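# Results of the structural survey
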Amino acid sequence: MARKAVILAGGQCKWGVREAHLVDLFQEAAKICLDDIPALKPKNIDGLIVASSYAGRCSFQVNTAPVVAERCGLKPTSICTRVDVLCAGGSTGIILAKGLVESGMADIIMVAGGEKLYTPQKWEVFYSELASVDHDWDGAQGMGLPPPFFALTAQEHMIHYGTKKEDLASVSVANYNYASTNPVAQMQKALTLEEAMNAPTVVPPLTLYDCCPITDGAAACIITTDEIAKKFTDRPLVYIRGTAQVCLNSVSANFPGTHLADWKHTKIAGEKAYSSAKVTPNDIKVAQTHDCFSISEVIEVEEFGFCKKGEGGQFCGSKQIEIGGKVPVNTDGGLLACGHPFGATGIRQGIEIMKQLQGRARHQVKDADIGLTHNLSGANAEHTVLIYGRTPVK
Amino acid sequence: MAVAGIPILENLYPATMDMWPIEAKEFNRIWPFYENLKQGRFTTTKCKNCGHVAYPPRVICPNCYSENLEYIDLPKKGKVIVFSEEVRGVPLGFESPLIHAVVDLGVDPVRRLLTRIVNCPAGVLKRGDEVQLSVFEIPAIPVEKGKAGTIMAERVFFAFEPVKK
């Protein structure tokens, strides 16, 4: 019988400004991950995929996987490597782990993502962001920190589709309120529309709560096959049904849409993931989309087909992303409120979808059986989508 | 010049902390782009086999993988489609206001070039305004040249600026 990949367990350490080293954060996440599945021991894990993009710049550590393996008491024999796809690193680790366990090249893989971004002087992480975009072309134009790029994106969405600042603010309000009771979120504060509308300006039209913070943190999950998982748990199995990763450009001048609010590559990634998972947008009961900025979530709900193109502002503004809405989105708080330690984010999203599909989420979506996660990375240069389900693809 | 906390780096150049491209011929095969920029020309590569124009410049044609490329001039004037202004919290290395614009230079592949707008105060730029290429000096870097010793490699970079009315 064909081997089918599942997400067996997961854990996230406290995210925020952490008084800890990068390898401390990985150890915390690995422990919380295994605490989630008491029958599974470090010796059962034969593979490790580490997702971290800033280990080299902010911790002066490349070849990070052996360091993490050793500190976490793992002795991998099938795979021990690191991936760097910035914000999509964790999701990429899960995609690779799926391929490895389904092919039989590995049995039980820990996918662990983490970043320690705050350095003793804070200028360094902001300055190092010049490496997050195409350094010589977009970085040298001052595009390292992303608010200007997403401010332009928001402006073009407003120009072409009539989206309002209130629509953006409604995304921040929804995601902050989801996170207000999440003990591992960076921002644990209920937010009103009035507060969001009156927040300090970052780059117009974006204000404070439209932008995700800089975050230290780690998360880890276990990817294995359904048959192996059954030996360790009685919980409902959560299958990784379909995946896609689409890259059509790197330099902003080659952006694939007709304007910055037309995310053609996101749409292609969604369609490919739906097709490989044999589902349609109407089947998605809960989603974790990449809300690095409020405008991102507005555009993502359009490109993934939760509403028509151009109606994302209205969709979010009319509470369709909240519990009871058409597709609750970022039910743990998303990047806006949980924070965004790049390599850990896709794992955080996968854990939340796993919990939703097992019926044990903090903000539970009733009868959730299919869920989606999504990341964008770089200056909107790459899109990664995973679709999880309670049953495997037939 | 001392580096706080790391006295061994006194007077040393850390390329890994340089916000600008390493443009020198010894380190970059698209050095002609930067040499052309020094002459006030905004250029990119065109494939002499299939005719494909790529931006930014390449060492192979991304369309047919030919290495038979030539540098061609791109327009130096364009129109602002949309722009953003950052007045407070401008990142290290850039001055306030940090203005970015999507600029239409009128030809592929630079119909939506995302660039910095310089020599422009906050609150002045408008959508549809005409802008032109602005080339400026950036810090020279020391390059080790074996027995010839270390030479300082001069550098320039570019942005766009409003056309004076």
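Residues numbered from 1 in each chain as written. Chains lettered and ligands numbered in written order. Predicted model: local features only at pLDDT ≥ 70, side-chain atom pairs only at ≥ 80, totals over all residues.

This next bit is on the overall build of chain A. Counting its secondary structure elements, chain A contains 14 helices and 11 strands. Taken over the C-alpha trace, chain A has a radius of gyration of 19 Å; the compact-globule value for 394 residues is 21 Å, and the two agree within 12%. Each of the three principal axes of chain A carries a C-alpha extent, and together these read 55 × 45 × 40 Å. Taking all 394 residues of chain A together, the buried fraction comes to 64%. Excluding contacts between residues fewer than 6 apart, the proportion of contacts in chain A whose partners are at least 24 apart in sequence is 77%. (Helix = DSSP H or I, 4+ residues; strand = E, 2+ residues; numbered from the N terminus. Rg over C-alpha atoms; globule rule 2.2 N^0.38 Å. Buried ≥ 20, exposed ≤ 12 C-beta atoms within 10 Å, placed from the backbone. Contact = placed C-beta atoms within 7 Å.)

This part is about the confidence of the model for chain B. On average, chain B scores 96 in pLDDT, and the residues at 70 or more come to 99%. Per the prediction output, this complex has pTM 0.97; the corresponding ipTM is 0.97. (pLDDT = per-residue confidence, 0-100.)

As a further point, take the pairing of strand β5 (residues 98–104) of chain B. Residues and elements named next belong to chain B. With 6 of its 7 residues buried, β5 lies for the most part within the structure. When strand β4 (residues 77–86) meets β5, the two strands line up antiparallel, connected through 7 bridges. Across the sheet, residue Glu 85 finds its bridge partner in β5, namely Ile 99. Of the strand pairs in this sheet, β5 and strand β6 (residues 113–117) are connected by 5 bridges, and their pairing is antiparallel. Of the residues in β6, the one forming a bridge with His 100 is Arg 116. (Pairing = 2+ DSSP bridges.)

Before going further, it helps to examine the interface of chain A and chain B. Counting residues at the interface gives 28 residues for chain A, matched by 25 residues for chain B. Those elements that place two or more of their residues in the side of chain A that touches chain B are α5 (123–128), α6 (147–161) and β5 (201–203) of chain A. Looking at side-chain class alone, the side of chain A that touches chain B contains 18 nonpolar, 7 polar and 3 charged residues. (Nonpolar A, V, L, I, M, F, W, Y, C, P; charged D, E, K, R; others polar.)

Within the open sheet, the 3 strands sit side by side as β2-β1-β3 (chain B). Their pairing is antiparallel. One side of each edge strand has no neighbouring strand; the edge strands of this open sheet are β2 (53–54) and β3 (69–73) of chain B.

Our next topic: helix α7 (residues 165–179) of chain A. All names here are of chain A. Between the first and last C-alpha of α7 there are 22 Å, a value that for 15 residues agrees with the 21 Å anticipated at 1.5 Å per step. Counting buried residues along α7, 12 of its 15 residues qualify, which places the element largely inside the surrounding structure. Of the residues making up α7, those classed as buried are Asp 167, Leu 168, Ala 169, Ser 170, Val 171, Ser 172, Val 173, Ala 174, Asn 175, Tyr 176, Tyr 178 and Ala 179. Those residues of α7 that are buried are in contact with α6, α8 (193–197), α11 (294–303), α12 (312–317) and α13 (334–338). (Expected span 1.5 Å × (residues − 1).)

The omega angle of the peptide bond from B:Tyr55 to B:Pro56 is 0°, so this bond is cis rather than trans. Tracing the backbone through its elements, the reader meets B:Pro56 in the loop between β2 and β3. Put simply, B:Ser96 and B:Pro97 share a cis peptide bond, and its omega is -5°. For B:Pro97, the position within the fold is in the loop between β4 and β5. Backbone geometry places A:Asp367, a non-glycine residue, at a positive phi of 55°. Unlike most non-glycine residues, B:Tyr65 shows phi in positive territory, near 65°.

On to the nonpolar core, then. All names here are of chain A. Counting 156 residues, the largest nonpolar core has Ala 29, Ile 109, Met 110, Val 111, Ala 112 and Ala 220 as its most contacted members. If one sorts the elements of this core by residue count, helix α1 (residues 22–35) sits on top with 9 residues. No fewer than three residues from each of domain 1 (5–122 + 215–229) and domain 2 (142–211 + 240–389) sit in this core. Among all residues touching Ile 109, those that are not within four sequence positions of it are Gly 47, Leu 48, Ile 49, Ile 79, Ala 97, Leu 100, Val 101 and Ile 223. (Core = buried A, V, L, I, M, F, W, Y, C linked by C-beta atoms within 7 Å. Domains from an automatic or database assignment.)

Glancing now at α6(A). Note that an α-helix has 3.6 residues per turn; residues three or four places apart therefore point the same way. Residue and element names in this part refer to chain A. With 15 residues, α6 ought to run about 21 Å at 1.5 Å a step, and its terminal C-alpha atoms sit 20 Å apart, in line with that. Of all 15 residues in α6, 12 are buried, a share of seventy percent or more. Burial in α6 covers these residues: Pro 147, Pro 148, Phe 149, Phe 150, Ala 151, Leu 152, Thr 153, Ala 154, Gln 155, Glu 156, His 157 and Tyr 161. Remark: Gly 162 follows α6 within two positions and exhibits a positive phi of approximately 75°.

Turning next to the domain arrangement of chain A. Residue and element names in this part refer to chain A. If you check the domain split of chain A, you get domain 1 (5–122 + 215–229) and domain 2 (142–211 + 240–389). Computed over C-alpha atoms, the centres of domain 1 and domain 2 are 23 Å apart. Each partner contributes residues to the interface: domain 1 has 36 residues there, and domain 2 has 31 residues. When contributions to the side of domain 1 that touches domain 2 are tallied by element, the ones reaching two or more residues are β1 (5–12), α4 (89–103), β4 (109–115) and β7 (217–225). Sort the elements by how many residues they give to the side of domain 1 that touches domain 2 and α4 lands first, with 7 residues. A breakdown of the residues in the side of domain 1 that touches domain 2 according to their chemical character gives 19 nonpolar, 13 polar and 4 charged.

With that settled, consider the environment of A:Pro205. All names here are of chain A. Relative to the helices and strands, Pro 205 is located in the loop between β5 and β6 (206–207). The class of Pro 205 is partly exposed, set by 19 C-beta atoms lying within 10 Å. For the pair Pro 205 and Ser 296, spaced 91 residues apart in the sequence, the C-alpha separation amounts to 13 Å.

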